[in-house]
Amino acid sequence: MVRHIVLIRFKPELSEARIAELFAELHDIEGKIPGLLSVTSGRSESPEKMERGYMHGFVVDFADWEALQAYQDNADHQALGAKLVEGAVGGKEGILCFDLPTVAAQAL
C-alpha cells in the first residue's frame, strides 16, 4: 500500500466552509479510481501545535504505485489540485506532498 499525505497552508481568507467544499470534491473521487482505498481529510487537532501553518490536510491510501499514478492522471484530481494550489499560501509552495510506502507495499 502507498499512503499519499498532503498538508496545505490555505490562504487566511479561505473560509472553513470553502475548505470543506474542496475536501468534499476530494471524497467524490473515491470509488472512481481502481486501487484508491480510502480518503481522510480535515483540519489538524494536534495537541502538539507543531503544524507551522499547515492546518489542513488529507491522506489517500492506494493499493499500489499504479493506483497512485492513475489518481495523478485523473482529470477530477487535476482540476481539484488546481483549486488547492489556488487556495494555498504561495501556490504550490503552500502544499507539502509525501508518498509513503507501507510495509504491505514493500513486501510486494
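Residues numbered from 1 in each chain as written. Predicted model: local features only at pLDDT ≥ 70, side-chain atom pairs only at ≥ 80, totals over all residues. Heavy atoms only, no water.

So, on to the packing of aromatic side chains. Each aromatic ring pair is characterised by the separation of its centres together with the angle its planes make. In this structure the tally under the stated criterion is 3 aromatic pairs. When the centroid spacing of 6.1 Å and the interplanar angle of 75 degrees are considered together, the rings of Phe23 and Phe58 count as edge-to-face. Here Phe58 lies in strand β3 (residues 56-62) and Phe23 lies in helix α1 (residues 16-28), a separation of 35 residues in the sequence. Measuring from ring centre to ring centre gives 5.0 Å for Phe62 and Tyr71, while their planes differ by 55 degrees; the resulting arrangement is tilted. What makes Phe62 buried here is its relative accessible area of 0%. In this structure, Arg9 is placed above the aromatic ring of Tyr54, and the distance from its NZ or CZ to the ring centre is 5.6 Å. (Phe/Tyr/Trp six-rings, centres within 6.5 Å; stacked < 30°, edge-to-face > 60°. Helix = DSSP H or I, 4+ residues; strand = E, 2+ residues; numbered from the N terminus. Buried < 20%, exposed > 50% of the residue type's maximum accessible area, 1.4 Å probe, protein only. Lys NZ or Arg CZ within 6 Å of the ring centre and 35° of its normal.)

Turning our eyes to something else, we now look at the pattern of salt bridges. Any two side chains of opposite charge can pair, so long as their charged atoms come close to each other. All chains considered together, the criterion is met by 5 salt bridges. Here Arg3 makes a salt bridge to Asp61, at a shortest N to O gap of 2.7 Å. Here Arg3, found in strand β1 (residues 2-8), pairs with Asp61, found in strand β3; they are 58 residues apart in sequence, far enough to count as distant. By relative accessible area, Arg3 is classed as partly exposed at 31%. Here Arg18 and Glu21 are joined by a salt bridge, their closest N and O atoms 3.0 Å apart. With Arg18 and Glu21 both in helix α1 and 3 residues apart, the pair spans about one turn of that helix. By relative accessible area, Arg18 is classed as partly exposed at 29%. (Salt bridge = Lys/Arg side-chain N within 4 Å of Asp/Glu carboxyl O.)

The next thing to look at is unusual backbone geometry. One non-glycine residue with positive phi stands out, namely Lys49, at about 55 degrees. As for its position among the elements, Lys49 is in the loop between β2 (36-43) and β3. Unusually for a residue other than glycine, Arg52 sits at a positive phi of about 55 degrees. What makes Arg52 exposed here is its relative accessible area of 67%.

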